[in-house]
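Next come the chains, spelled out residue by residue.
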Amino acid sequence: MNRTKIAKLMLALGGVLTTAAFFMTFFWANASTFPDGRIDFGQKIFYFHVPVAEASFLVFFFTAFYGVKFLMTKDRRFDTRAKIATEVTLLFVLLTMATGILWTKVAWGVWWLWEPRLTTYFILTLLVIAYFVLRNSVEDEERRAVYASAFGILAFIDAPISFFITRWAESVHPVVLAGGEGSGLETPMLITFIVAQVGMLMLGYAFYEMRLHEEEIKERLEALKVTVGG
Amino acid sequence: MASASWRQFKAILRKDLVMEMRTHEMITSMGLYAILTMVVYQIALTEAGEALDVRLVMPGLIWVAFIFMSLLGLNRSFVHEKDQGCIDALLLSPVDRPVIFFAKFSGNLLFLLAVEVLSLPVFAFLFLQGREGISNPIWLLGVVMLAASVGISGVGTLLATMTVNTSGKDILLAVVFVPLMYPLLRAAVGATFAAVIGGPGSIETFWSWMAWVAGFDVIMLLVAFGLYEFVIGA
């Protein structure tokens, strides 16, 4: 089975799993309640928000990873991979922001709060956008690849900071998984979460692989144009 | 070999310093920029008047001034190199790339520190008269300014080397530089606040923020240093 086929399979599976998780969220996973007994419907967004956020960190890692590989080998294919990883990161980061803001309004009563996790994640969003601004303002292709790789590596430093900040600093952002006492999920909630997370990672992989395939075809077409058209 | 690198380092640094001595361009533009920033602060704070304790916002305000000042200086420092073809000559000469990085970094650091040291008293003169001064020993401010400026100049030197070759130049430098500097600035403002406001436990708070600044400096300088060779050769 070639890569494109696997990607298509992943896309279908990821779609099924995330959709399944959506239904599990409402029909199987226990509703969490407030201390006063009211049902916390806002919590349902957790099964989308957290998987997509964690996927965004993971995909962004590949921006830095392929950045390093490009600088070591000067092989342009790695730069293309880094660029596409950043594109997928941008998609996931924006989804995380959108769902996060919705939840913040419901849970905290405000759309936005300058609190450590939100702030560092906002900075991450700006860095991902800056990556593309930088790419677009360099004309020379070789140079663009080097600059983008270097910036991708630098920008990735913010990702672990943003990820761990809720554990380091005083933050009102919840730490659900491995956050010490009182954290953790009941089994149905955990299973729903894992289904959503696995589905999201599959989708991430599928988006990445399909975009890469598209880009490779484009590059081959350009190469052909040069050979045929003279 | 080490002494040869040291001589090359001194030569590049001296070139930057001599050029500055002759033109005074960097210090004048950055210094004027700092004063203009203070004027803008006056506009921003004027309606709050006496209700606002300027000391509470001072740590943030001075770092806003410093970060934008550094953008101006970093950009200038490479525009010269490029316009006059100096960077090509440097690359042609048998100088190790790390030497170029450390020389440019040191020059930028010196200019930034000079303007910071000049503008801090101006800020105090304009905004802090008749108010309580800086609670903790003033050398603590020197420590933050030095440590944070190291990080700013290190990453700034790398990024300015890139952005000078782009179509956006100074605007692009701001776009890539300011978000990258966020963790460092946050820690620097925290440390400055602890130094300015004082109170019980403020010295401990100061040093814990300083640990963040130092950690960030080390990581960022190592990464910037490692990447410089690739970037300057591109």
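> Can you break down the overall build of chain B residue by residue, with the values?
Along chain B, the regular secondary structure elements total eight helices and zero strands. Here the C-alpha atoms of chain B give a radius of gyration of 19 Å, agreeing with the 17 Å that 2.2 N^0.38 yields for 234 residues. Expressed as lengths along the three principal axes of its C-alpha atoms, the size of chain B is roughly 60 × 35 × 30 Å. Per-residue burial for chain B yields a buried fraction of 40% across its 234 residues.

> Explain the overall build of chain A to me, using residue names and the numbers behind them.
Assigned secondary structure in chain A consists of seven helices and zero strands. In chain A, the succession of helices and strands from N to C terminus is α-α-α-α-α-α-α. When the backbone C-alpha atoms are referred to their principal axes, chain A occupies close to 75 × 40 × 25 Å. Taken over 230 residues, chain A has a buried fraction of 40%. Across chain A, every contact between residues at least 6 apart in sequence was considered, and the portion connecting residues at least 24 apart equals 76%.

> Please provide a residue-by-residue account of the environment of B:Val122, values included.
Residue and element names in this part refer to chain B. Relative to the assigned elements, Val-122 resides in helix α5 (residues 97-127). Distance in space between the C-alpha atoms of Val-122 and Ala-214 is 27 Å, their sequence separation being 92 residues. Beyond its immediate chain neighbours, meaning those up to four positions away, Val-122 contacts Ile-35 and Met-38.

> How would you explain the interface of chain B and chain A if you had to name every residue and give the values?
The interface of chain B with chain A comprises 18 residues on the first partner and 20 residues on the second. If you list the elements that add at least two residues to the side of chain B that touches chain A, you get α7 (170-197) and α8 (202-233) of chain B. If one sorts the elements of the side of chain B that touches chain A by residue count, α7(B) sits on top with seven residues. Per-class residue counts for the side of chain B that touches chain A are 14 nonpolar, four polar and no charged.

> Can you tell me about the nonpolar core, naming the residues and giving the values?
Residues and elements named next belong to chain B. Membership of the largest hydrophobic core comes to 125 residues, with the highest contact counts inside it found for Val-144, Val-176, Ala-191 and Val-213. Among the elements that line this core, the one with the most residues is α7, at 16 residues. Residue contacts for Val-213: discarding those within four places in its chain leaves Val-144, Ala-147, Ala-148, Leu-184, Ala-187, Ala-188 and Ala-191.

> I'd like to hear about helix α4 (residues 116-136) of chain A, residue by residue, with values.
Here α4(A) spans 30 Å end to end across 21 residues, near enough to the 30 Å set by a 1.5 Å rise per residue. By the burial criterion, the buried members of α4(A) are A:Arg117, A:Leu118, A:Thr120, A:Tyr121, A:Ile123, A:Leu124, A:Leu126, A:Leu127, A:Val128, A:Ala130, A:Tyr131 and A:Leu134. Where α4(A) is buried, its residues contact α3 (76-108), α5 (141-156) and α6 (158-168) of chain A together with α7 of chain B.

> Which residues make up helix α2 (residues 25-45) of chain B, and what are the values?
Residues and elements named next belong to chain B. With 21 residues, α2 extends 30 Å between its outermost C-alpha atoms, agreeing within 8% with the 30 Å of an ideal straight helix rising 1.5 Å per residue. Listed as buried for α2 are Met-26, Met-30, Ala-34 and Tyr-41. Taken around the axis of α2, the buried residues stretch over an arc of 60 degrees, which confines them to a single face. Among the exposed residues of α2, those pointing more than 90 degrees away from its buried face are Thr-28, Leu-36, Val-39, Gln-42 and Ile-43. For α2, the elements touching its buried residues are α1 (2-23), α3 (54-83) and α5.

> Let's hear about the packing of α5(B) against helix α6 (residues 139-163) of chain B: which residues, and what values?
All names here are of chain B. α6 packs onto α5 with a crossing angle of 135 degrees between their chain directions and a minimal axis gap of 9 Å. Classified by the angle their axes make, α5 and α6 are oblique. As α5 runs across α6, the sense of the crossing is right-handed. Taking contact as the criterion, the partners of Phe-101, Lys-104, Phe-105, Asn-108, Leu-109, Leu-112, Leu-113 and Glu-116 in α5 are, on α6, Met-145, Leu-146, Ser-149, Val-150, Ile-152, Ser-153, Gly-154, Gly-156 and Thr-157. Considering only residue class, the contact of α5 with α6 consists of nine nonpolar, six polar and two charged.

> How would you summarise unusual backbone geometry if you had to cite specific residues and measurements?
Where the residue is not glycine, phi is negative for most of them; where a peptide bond is considered, it is trans in most cases. Backbone geometry at A:Lys74 places phi at a positive 60 degrees, although glycine is not the residue there. Within the secondary structure layout, A:Lys74 lies in the loop between α2 (46-73) and α3.

> I'd love a proper account of the confidence of the model for chain B, names of residues and values included.
Residue and element names in this part refer to chain B. Mean pLDDT over chain B stands at 88; residues scoring 70 or higher make up 100%. Here helix α4 (residues 86-92) stands out as the least confident element of chain B, with mean pLDDT 82; α6 is the most confident, with 92. For this predicted complex, the interface confidence reaches an ipTM of 0.88, while the overall pTM sits at 0.89.

> Account for the packing of α3(A) against α5(A), with residues named and values stated.
Residues and elements named next belong to chain A. The interhelical angle for the contact between α3 and α5, taken along N-to-C directions, is 50 degrees, at an axis separation of 10 Å. One way to sum up the angle between α3 and α5 is to call them oblique. Once α3 is placed against α5, the crossing between them reads as left-handed. Contacts between α3 and α5 involve Arg-76, Asp-79, Ala-82, Lys-83 and Thr-86 from the first element and Ala-145, Ala-148, Ser-149 and Gly-152 from the second.

Rules and cut-offs
Residues numbered from 1 in each chain as written. Chains lettered and ligands numbered in written order. Predicted model: local features only at pLDDT ≥ 70, side-chain atom pairs only at ≥ 80, totals over all residues. Helix = DSSP H or I, 4+ residues; strand = E, 2+ residues; numbered from the N terminus. Rg over C-alpha atoms; globule rule 2.2 N^0.38 Å. Buried ≥ 20, exposed ≤ 12 C-beta atoms within 10 Å, placed from the backbone. Contact = placed C-beta atoms within 7 Å. Nonpolar A, V, L, I, M, F, W, Y, C, P; charged D, E, K, R; others polar. Core = buried A, V, L, I, M, F, W, Y, C linked by C-beta atoms within 7 Å. Expected span 1.5 Å × (residues − 1). Arc of directions from axis to C-beta. Axes fitted to C-alpha atoms, helices over the stretch in contact; angles between N-to-C directions. Parallel < 35°, antiparallel > 145°, perpendicular 65-115°, else oblique. Left-handed = near helix turned anticlockwise from the far one by under 90°. pLDDT = per-residue confidence, 0-100.

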